[in-house]
Amino acid sequence: MLDRLTEPDVTALRTLTGSMDPVVVVGDDLQVLGVSEAFLALSGWTAAQLLGQPLTQLCLPHDREEMHRAAQVFLLQGTLPDRRDFTLCGADHEALPVQLRGVRYDLPGAGRVAALLVRPVTPLRPITQFYRQVLQELPLGVAVTDAAGRYVYANPAALPPDSAQQQLIGRTDREAAGLLNLPEAALRLREEALTHMRREPARLAWDEPLAGGTVQERTLIPLHGAAGDLKVLSFATDLSERARQSERLTLLEGSMQATTSPVCILDARRGAQHGRVAYANAAMGALHPSTQVPGTHPLEWPWLPLDRQALRELLTYLNDTPEPAFKYDLHLPGRREWWEVSATRVGSAAGPGSHWALILRDVREERRTDLFLRSFADATVISLQDAPLEAVLAPIFRGVEQVARGWSPGVATLESEFMRIMGPVPAPLGRMLARFPTQEARQLWSGRDLERRGEAQVIYDLWERVRVGQQVGDRWIPAVQTSVEVPMYDRDRQLLGLLALTYPRRVNVPQSVQRLAENVAGQIALFIDRQRKLEQLQRLAYTDALTGLQNRAGFARESAALLGRPADLNAPLAVALMDLNRFKLVNDTLGHDVGDQLLAAISERLSEVTARYPVPVLARMGGDEFAVILSDPAQIGALSADIHDAVTRPFMIGGRQLRVGVAVGWSVYPATARDGAALLRQADTAMYHAKRTGQGHQVFSPAAHPRIAHLTLETALFEALQEGQFSLVFQPQVACADRQLCGAEVLLRWTHPELGVVSPADFIPVAESTGLIGGIGLFVLSGALREVAGWPAHLPVSVNVSPVQLRQPDFPRLVMDLLQEAGVAPQRLTLEVTETAFINDLNAVAGAVRILRELGVRVAVDDFGTGYSTLMTLRQLLVHELKIDRAFVRDLCSEGREGRENRAIVQATLGLGQALGLGVVAEGVETQEEADLLAELGCPVMQGWLIAPGLSAPAFREQFLPGLSSPDLCG
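Residues numbered from 1 in each chain as written. Predicted model: local features only at pLDDT ≥ 70, side-chain atom pairs only at ≥ 80, totals over all residues. Heavy atoms only, no water.

**Here's the deal with the overall build of the chain**
A count of helices and strands for the chain gives 32 helices and 36 strands. When the 971 residues of the chain are sorted by exposure, 44% land in the buried category. In the chain, of all internal contacts separated by at least 6 residues, the share reaching a separation of at least 24 is 54%. Accessible surface computed for the chain: about 48900 Å², of which carbon and sulfur atoms make up 53%. (Helix = DSSP H or I, 4+ residues; strand = E, 2+ residues; numbered from the N terminus. Buried < 20%, exposed > 50% of the residue type's maximum accessible area, 1.4 Å probe, protein only. Contact = heavy atoms within 4.5 Å. Areas by Shrake-Rupley, 256 points an atom, 1.4 Å probe, with all protein chains shown as cover.)

What follows is the structure, given as structure tokens:
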């Protein structure tokens, strides 16, 4: 009919189906001409699936005939029938209850059409869906037919396997006989029952024969619809299966009663019956007679408290586990029983998984053997974790107690003056053995076990002598009445100790107990021997071989233990690092043997000093560095003073009197740090601060020692080299007599965009440790030489170099290449090296200095007087210049002791320079009085803030080289 539609028809249909309501338009031949979007959304179909199809295809089969009749009456007569409720079929093949309303139209080309308004019966859908879901899941086959016997519903259980529900709907039993595999006899019985049901609607039931000899009881129940129409509910029960089930139950009951394994079925349903006994066989009754009383609860049986707790845990697991089957080890300590429980969730008429079937297997001997063997495995694992011997032996003792009921194991070792007792030894015997000297024990067993075979010996009636009252008098009491003792030996057959199995009464000892004692003793001897060797290794690992003090690893272990104890989390501690002054000089000049003797002597004095204080740890960290942990930070000052006095007093080593100094740096827990690594870093910082300032000791303070993290500086240094964040400044050097310019020292400056100005004292050590010092040194040298190339030819420049640079084999060649590139004579370049660098690495530095001197480059000793160099060192180096450290220029003019000492040092340095033909420069001159006194003492050259701070190249030229306009090449 769609091909007869004219343009006006299409327009009219578009108007009809444009409704917001679910609408279906059909023609006089009941074909679908159009549908609204609301109907498509309701049904799930698409327009392409519906257009041109018969209207009746939208209905379930049992409603198709009625729908066809109602639609024809409406199109012809214009009235809807009394029945307006129909069940449509959605695209998902689910039932869609609706009510229909309609309007007729006459179209020019299509003729008469009907627009049907479809109203879903939504209030009924939830309950309908619920009942439908119940029937779909029901394991019993259920079907509904109309009065004519046509199927209107059948759940999956009523259908043969792999059959679709739609294959049965709308057909009678005879029409679907092939699908249902119904014999003629069954069909006749069903038709007769349906005829009787239409005549007298009442419940009917009969035995129905099926193919294959199966017999089922079939039941019909009349159902009356809202419109008065008759529907019939049918279902069937397999009588053959019921008989077979009864037979199987009889056989199962007989098997359960005959088996020797206890079997029990517990109710798993929630409610008053939960956990109660539904069935128990005779073996279960022998275990607990009350279990055979149906309805009793396992916790109501006469259990001991420990056993009741074990059973409660099993029942809790039954309630909580989602597993359908599992095995469970049930240990009843009161009954001394082990049972392997095999639990399976089973179903009954009450529903699937409604009960738990429990089968018990006696595994007492297996578990005792397993526990005993596992005790040795546990002991091995604990031993490999380097646990104390008591912890290693504890599982073995428990295993012995499980296997040898009533016997108490114990071990006595012989590593100290008296026997050391471990294990659950009876108290009288433990007291007696603890007072027994180990030497007597060795003599006793050397007579008992002449061949040292380690065999068990049975000893009766051991008595302990005890003091009676307050008067002098002794009496004897029984310590133990039966003891099986086994001596334990190491690989060299040396006696390690004794294993004893004791019994509170006098008994004949079975051979099995004696063999058990011998086997256990052999295993324990291995653990004791390993423990002794482990302790020896730990002493070697954590003790400094030279001094006998803790080494670095021992210090780390002890400090971690002190800081990690929960009770002491807030208890303050102080950590100190000590570094000796002038010790390397002793090593280099007198040899390592003398140095080792000196370290041993210093360690003895430190031990004597720290013994007077609450010092739990004293360690040698390596070389000439020592560490201390002090439990009372309030005594830092007193301990530091005593350490300084003890170390600085002369030492007589090999007929020589030797003196060294010491610098001590402290950090305090938890005030400045909460972990050992941070405390050591802070103590190290404070120690070097004390060394630089000449103080005896220094306590770390975050405000006094602002530091930048090493990793932060390392990253920033890489960026600084790439982004040109470094700059050079020049500090003038002038003659003390007339202030004439003699040269300048180049100083490196670094301003980071986030860190701000970073001190060379902070970043130079990082640069040296990371290998960046080479690039930084190249930047300083090349920049300084490019700038000085434009100065008058008589003016030299001084540049600081690192010992790391001097140790590089190609450093002298690099210096010469830069001099040639800049066009500067070698005599105009002075390389400054700190005195400490000369002393710490004399051989490497001396070689580089010698090559540079041969090339014409001058070398100066920077910070002279702070590193304790010797005349021999200066002679070996053949340097050109000494620079007096500003620490000696400070207070030069004061009248106190420091002023007198500093003037003496400066005068000695000037005399030394004059005697050796070396130039001398005084650093850090800040006052006119200092400058005048230096001139009076005969100092030739000075530098410092009195003259000028470090100046940029343009500022330096403007102030000290007027008229010189060379470009700034190093800014």
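Read on, since the account is not over.
**What to know about the sheet that holds strand β23 (residues 625-630)**
Strand order in the open sheet formed by five strands is β22-β23-β21-β26-β27, and the pairing between neighbours is mixed. Since the sheet does not close on itself, it has two edges, and those belong to β22 (617-622) and β27 (697-699), each with one partner. Each strand of the sheet is rotated relative to its neighbour by a mean of 20°, with strand direction disregarded. Summarising the sheet, strand β21 (residues 573-581) and strand β26 (residues 661-669) pair through nine bridges and their orientation is antiparallel. Across the sheet, the residue bridging to A576 is W666, located in β26. Against the sheet, helix α16 (residues 552-564) engages β21, β22, β23 and β26, with an angle of about 140° to β22. The strands touched by helix α19 (residues 636-648) are β21, β23, β26 and β27; relative to β26, the strand with the most contacts, the crossing angle is about 160°. (Pairing = 2+ DSSP bridges. Axes fitted to C-alpha atoms, helices over the stretch in contact; angles between N-to-C directions.)

**Section: the sheet that holds strand β10 (residues 230-238)**
Pairing is antiparallel across the open sheet formed by five strands, whose spatial order is β7-β6-β10-β9-β8. Because the sheet does not close on itself, it has two edges, and the strands there are β7 (151-154) and β8 (204-209). Across this sheet, the average inter-strand angle for adjacent strands is 25°, counted without regard to direction. Across five bridges, the pairing between strand β6 (residues 142-146) and β10 is antiparallel. In the strand pairing of β10, D146 is matched with K231.

**Observations concerning the packing of aromatic side chains**
By convention here, two paired aromatic rings are described through the distance between centres and the angle between planes. In the structure shown here, the tally under the stated rule is 12 aromatic pairs. Here the aromatic rings of F726 and F779 are separated by 6.3 Å at their centres, their planes lie at 45°, and the arrangement is tilted. Taken as a pair, F726 in strand β28 (residues 726-735) and F779 in helix α23 (residues 773-788) lie far apart in primary sequence, 53 residues in all. The exposure class assigned to F726 is buried, which follows from its relative accessible area of 5%. Here the aromatic rings of F730 and W791 are separated by 5.6 Å at their centres, their planes lie at 65°, and the arrangement is edge-to-face. Of this pair, F730 sits in strand β28 while W791 sits in the loop between α23 and β31 (797-800), and the two are 61 residues apart along the sequence. An aromatic cluster is built from Y317, F326, Y328 and W356, whose rings are joined through pairwise contacts. In this structure, R506 is placed above the aromatic ring of Y460, and the distance from its NZ or CZ to the ring centre is 4.1 Å. The residue whose ring lies beneath R557 is Y542, and the NZ or CZ to ring-centre distance is 3.9 Å. (Phe/Tyr/Trp six-rings, centres within 6.5 Å; stacked < 30°, edge-to-face > 60°. Lys NZ or Arg CZ within 6 Å of the ring centre and 35° of its normal.)

**What to know about unusual backbone geometry**
Residues Y669 and P670 are joined by a peptide bond in cis, for which omega reads 0°. On the secondary structure map, P670 appears in the loop between β26 and α20 (676-693). A positive phi is found at L30, a non-glycine position, where the angle reads about 60°. Structurally, L30 can be placed in the loop between β1 (23-27) and β2 (32-35). Its relative accessible area of 5% is what places L30 among the buried residues. Located in the positive-phi region is R452, a residue other than glycine, with phi close to 50°. With respect to the helices and strands, R452 occurs in the loop between α14 (438-448) and β18 (457-467). Among the residues examined, R452 registers a relative accessible area of 34% and is labelled partly exposed.

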